[in-house]
Amino acid sequence: MSLPSRRRRALAAGALAVVLAGCSAGSGTSEPSSGDPAEAAPSTLAVGLAAEPASLDFTTTDGAAIPEALLYNVYETLVKLDSESGEVVPLLAEDYEVSDDGLTYTFTLHEDVTFSNGDEFTADDVKYSIERVQSEAWTVSLKEAMSIVGSVEVSSPTEVVVNLSEPSNDWLYRMTTRIGAMFSETGVDDLANTPVGTGPYVLDTFTRGDSLTLATRDDYWGEAPDVEEVTLRYFEDATAMNNALLSGGIDVIGTLQSPESLERFADDDRFEVLEGTTNGELVLSMNNARPPFDDVRVRQAVRHALDRQAILDTTYAGYGELIGSMVPPTDPWYEDLTDVAPYDPAQAQALLAEAGVSDLNVAFRIPNLPYAVTASQVVKSQLAEVGINAEIEVLEFPARWLDVVFQQNDYDMSLIAHVEPRDMTIFADPDYYFGYVDPEFQSTLEQAGTADSEQYVELMRQAARQLSEDAAADWLFVLPNLIVAEQDVQGLPVNRVSESFDLTGVTRA
Amino acid sequence: MLVQVLRRLAVFVLSLVAASVLVFAFMAVLPGDPAQIALGVSATPESVAATRAAFGTDRPLVVQYAGWVSGLPVGDFGSSYVSRTAIGPQILDRVQVTLWLVLCATALALVLALPLGVLAAARHRSASGAVVSGVSQLGIAVPSFLAGILLVTVFAVRLGVLPSGGWVPPAQNPGEFVRHLVLPVVALGVVQAAVLTRYVRSAVLDVLREDYVRTARAKGLGPLRALARHGFRNAAIPVVTVLALQVATLLIGAVVVERVFVIPGLGSLLLDGTANRDLLLVQGVVMVLVVAVLLVNLLVDLLYTVIDPRLRAG
């Protein structure tokens with residue numbers, strides 16, 4: 001803070017640097033962070049990530065960490081989501097056509113594509129993979145998105161026709177996620193440990209509790225990635241991950257867990273801080289199914305009582321974006337809805353008076369996740385300003401929170417990031433923990449699902465606006481994606497809008 | 001002697017059985033449904049029910065317990081709820097890591113504590129004794145995880161001479177193995193050494209006040225000679241007792257230190273398993289820890305009779 005203490009620190013750091021220079025000059029050991037970049041050795045990269053995959057089989061195990069590591073890197077899909085533009089682009093399919101009635105998708109496949117076990121990838125594998133999602137082999141609930149497929153026809157080794165039972169604006173997008181991953185019939189025996197895909201990387205080693213290493217394969221059909229060996233290191237503890245970057249143990253922090261440590265990296269010219277966006281809407285849920293939040297005025301009062309910019313500043317050091325509904329800025333139907341319920345404590349108090357409630361006590365049950373713990377404190381103090389007493393109860397995540405809030409719906413208010421892509425539809429599920437039941441909203445979404453693409457965007461926009469006006473919840477902001485990387489690492493997936501930590505475009509200068 | 005050993009063994013086995021019941025019961029009352037957590041937030045009630053049946057968690061608790069405990073003697077811990085892989089091999093992998101930590105930390109603690117403790121006792125009236133005493137008091141006050149964080153900040157982040165964490169198996173690269181082992185072992189071992197030093201000091205002090213040592217001194221032996229000839233065996237009994245307790249503490253300390261240093265040992269397996277409600281896995285790890293602690297106690301009981309011949313009778 002004061003100048004003298006700063007200077008003292010700088011002096012101390014200088015002294016250490018001298019000591020360090022002396023050490024490395026004498027010992028001659030190779031220093032990983034300060035080695036010269038033009039080495040002939042294979043290029044490697046170590047990325048720090050937060051959650052470790054519980055298994056490597058995303059067909060039977062849920063959790064974002066598995067596709068994060070494997071999708072697009074080891075497994076490929078017919079079409080992928082471009083992390084820059086958020087658009088669906090071809091991958092294994094060279095091209096695709098959609099019939100006018102929206103029912104038939106014809107994919108033309110790349111030739112000479114092989115799986116990492118040597119088998120050729122053909123239209124038969126597409127049929128096999130899609131039908132496998134529909135079979136008992138897949139158990140994760142995401143498979144539901146594939147139930148719309150009526151039949152898959154192989155017309156030639158490089159052409160496959162998918163017939164939907166009804167038109168869908170969502171299906172092709174879902175094909176960019178893990179359920180669109182292409183498997184070989186000869187490669188599914190040991191998915192939990194040995195993934196076999198068509199991607200540029202193969203699994204080299206997986207040391208549980210530590211790291212997962214991917215290595216490039218020689219017979220990849222497309223352009224080989226620049227980095228030949230990538231180690232994904234898993235850190236439960238944010239400080240441990242920061243220390244690993246500072247001490248050269250990793251080159252990249254894939255998603256910064258502790259925004260308060262940003263300053264430390266921003267001031268250090270070895271590193272670059274990259275900000276991107278995510279699909280993670282931080283939802284302040286209000287139990288619509290029971291008093292006091294069964295009254296729309298009370299819910300609106302909460303929304304007017306909150307200064308979301310202040311919450312964002314405290315929780316994510318100002319990174320991130322205010323949204324106002326259940327749509328992240330990268331979705332095609334995004335519109336800025338922050339003006340629907342602006343910060344206005346007087347309006348909040350008026351609404352509460354109109355609803356006839358005073359001295360409101362609400363059970364604010366939050367998961368023990370860092371952002372939730374920080375944000376809830378600010379929410380609590382802002383609500384106190386308008387006379388709402390939010391009693392914070394921190395529940396262990398996932399087990400306790402899932403049980404109490406998500407399953408039993410025993411809460412008044414909660415706070416968690418919903419990170420699934422295009423997930424506004426959860427508000428149409430009457431059994432979901434929000435307790436929001438609105439036939440008009442449900443029918444809007446239903447219409448949107450089968451409308452033509454222009455109407456689709458319009459209807460989705462309408463649905464998002466209705467959610468916001470009904471104050472079905474409050475949307476504090478969309479989580480930022482913060483990457484800290486050594487200066488020479490380029491092409492990292494800055495936006496986390498697909499399920500993958502896409503390594504295929506990463507280069508090291 | 002033989003009767004005594006057999007009696008000890010019987011107590012050991014009974015303790016194991018009791019522990020298995022306790023561990024199982026504790027997991028059973030833990031809130032959170034493993035099936036729900038494995039399937040995630042978007043699961044349907046039907047799929048949760050199906051998964052519950054697949055896990056066998058819909059069966060009566062007694063049946064579940066019997067199934068679990070009958071596999072233990074042959075190393076069959078069942079299959080993980082989360083990764084669907086056998087638990088036994090996973091535990092075996094992790095045990096090797098934690099064993100290195102605990103053994104090296106214990107060795108370090110002994111190497112530091114024995115000479116320092118004796119020194120502090122023999123010179124308890126002089127300045128050097130007081131310094132050892134004071135420093136060990138400080139060491140006791142610092143928990144291992146804090147020591148770990150401080151060590152990382154200084155040696156990994158500031159000086160860059162040692163890695164901040166991670167693990168390299170000895171067979172893969174012995175040099176890197178040692179480099180990765182240094183900080184966690186110091187974090188664990190030095191704190192234990194501080195505790196042990198105080199016990200060694202007080203045990204030696206007690207012995208120094210005994211009549212037989214005074215007699216030895218009267219015969220003309222110096223304090224250290226008198227100790228070496230007549231005192232060590234007697235002082236060893238309380239020290240070995242404390243050491244056994246400390247191995248248990250170390251195993252628990254390793255859980256925390258493994259997290260700080262990102263080491264894939266039993267501790268991190270235990271924490272991950274708890275967070276994912278991988279109850280079978282947690283049960284397995286806890287049982288292994290219990291067995292380890294009981295084994296150490298058994299060993300110490302037997303060691304007493306080696307150290308002190310008077311305990312062999314009866």
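Residue positions within a chain follow its written sequence, with the count starting from 1. To label them, take the chains in the order written and letter them from A, then take the ligands in the order written and number them from 1. Residue-level local features of this predicted model are given only where pLDDT is at least 70; pairs of side-chain atoms are given and counted only at 80 or more, and the full residue set underlies all totals for whole chains, interfaces and linings.

**Student:** Outline the overall build of chain B, listing residues and values.
**Tutor:** For helices the rule is a DSSP run of H or I covering at least 4 residues; for strands it is a run of E covering at least 2, with both sets numbered from the N terminus onward. Secondary structure assignment for chain B yields 12 helices and 0 strands. Its helices and strands in sequence order give chain B the pattern α-α-α-α-α-α-α-α-α-α-α-α, from N to C terminus. The principal-axis extent of the C-alpha atoms belonging to chain B is close to 85 × 60 × 35 Å. In this scheme every C-beta is placed from the backbone, and a residue whose C-beta has 20 or more other C-beta atoms within 10 Å is buried, one with 12 or fewer is exposed, and one in between is partly exposed. Out of the 314 residues in chain B, the part that is buried amounts to 39%. Of all intrachain contacts in chain B linking residues separated by at least 6 positions in sequence, the fraction that spans at least 24 positions is 69%. Here, residues touch in the contact sense if the C-beta positions derived from the backbone fall within 7 Å of one another.

**Student:** Now, about the nonpolar core: what can you tell me, with residues and values included?
**Tutor:** Nonpolar core, as used here: buried Ala, Val, Leu, Ile, Met, Phe, Trp, Tyr and Cys residues forming one set through C-beta atoms within 7 Å. If you look at the biggest cluster of nonpolar residues, it comprises 213 residues, and the most contacted ones within it are Val252(A), Leu188(B) and Val285(B). Per-element tally for this core: the top contributor is helix α8 (residues 174-208) of chain B, with 15 residues. Residue contacts for Val252(A): discarding those within four places in its chain leaves Leu45(A), Val47(A), Gly48(A), Ile483(A), Ala485(A), Val489(A) and Leu492(A).

**Student:** Tell me about the packing of helix α5 (residues 87-122) of chain B against helix α11 (residues 266-275) of chain B, residues and numbers included.
**Tutor:** Residues and elements named next belong to chain B. At a minimum axis distance of 7 Å, the contact between α5 and α11 shows a crossing angle of 135°. Between α5 and α11, the angle falls in the class oblique. Contact with α5, carried on its side by Gln90, Arg94, Val95 and Thr98, involves Leu266, Gly267 and Leu269 of α11 and no other residues of that element. Residues are grouped as follows: nonpolar covers Ala, Val, Leu, Ile, Met, Phe, Trp, Tyr, Cys and Pro; charged covers Asp, Glu, Lys and Arg; every other residue, Gly included, is treated as polar. Residue classes in the contact of α5 with α11 are distributed as 3 nonpolar, 3 polar and 1 charged. Fitted lines through C-alpha atoms give the axes, limited to the stretch in contact for helices. The angle between two N-to-C directions lies from 0 to 180 degrees. Note on angle classes: values under 35 degrees are labelled roughly parallel, values over 145 roughly antiparallel, values of 65 to 115 roughly perpendicular, and the remainder oblique.

**Student:** Which residues make up the packing of α5(B) against helix α12 (residues 279-307) of chain B, and what values go with them?
**Tutor:** Residues and elements named next belong to chain B. It is the contact of α5 with α12, at a shortest axis distance of 10 Å, that shows an interaxial angle of 45°. On the basis of the axis angle, α5 is oblique to α12. Both α5 and α12 take part in a crossing whose hand is right-handed. Where α5 abuts α12, its residues Ile87, Ile91 and Val95 lie against Leu280, Leu281, Gly284, Val285 and Val288. For a crossing to be left-handed, the near helix must be turned anticlockwise from the far one by less than a right angle; the clockwise case is right-handed.

**Student:** Give me the domain arrangement of chain A: which residues, what numbers.
**Tutor:** All names here are of chain A. Start and end points for every domain follow an automatic or database-based domain assignment. What the domain assignment reports for chain A is domain 1 (5-20 + 42-55 + 194-277 + 482-508), domain 2 (75-187) and domain 3 (278-480). The C-alpha-based centres of domain 1 and domain 2 are spaced at 30 Å. At the junction of the two partners, domain 1 supplies 15 residues and domain 2 supplies 22 residues. Here the side of domain 1 that touches domain 2 is composed, by residue class, of 6 nonpolar, 5 polar and 4 charged.

**Student:** Got a sec to walk through the confidence of the model for chain A? Specific residues and values, please.
**Tutor:** For chain A, per-residue confidence averages 88 on the pLDDT scale, and 92% of positions sit at 70 or higher. In predicted models, pLDDT denotes the confidence assigned by the predictor to each residue on a 0 to 100 scale. With pLDDT under 50 throughout, residues 1-39 of chain A is counted as low confidence; its partners more than four residues away or in other chains account for 11 contacts.

**Student:** Describe the pairing of strand β6 (residues 149-156) of chain A, listing the residues and the values that go with them.
**Tutor:** Residue and element names in this part refer to chain A. Pairing between two strands requires that DSSP report at least two bridges joining them. Direction of pairing for β6 relative to strand β7 (residues 159-164): antiparallel, over a ladder of 6 bridges. Residue pairing across strands places Ser151 opposite Asn163, the latter belonging to β7. Connecting the antiparallel pair β6 and β7 is a turn made up of 2 residues.

**Student:** Tell me about the domain arrangement of chain B, and name the residues and values.
**Tutor:** Many authors give the size of an interface as the accessible area that is lost as the parts come together. Residues and elements named next belong to chain B. As assigned here, chain B comprises domain 1 (2-74) and domain 2 (94-308). Placing a centre on the C-alpha atoms of domain 1 and another on those of domain 2 gives a separation of 32 Å. When contributions to the side of domain 1 that touches domain 2 are tallied by element, the ones reaching two or more residues are α1 (2-29) and α2 (34-39). For the side of domain 1 that touches domain 2, the element with the most residues is α1, which contributes 10 residues.

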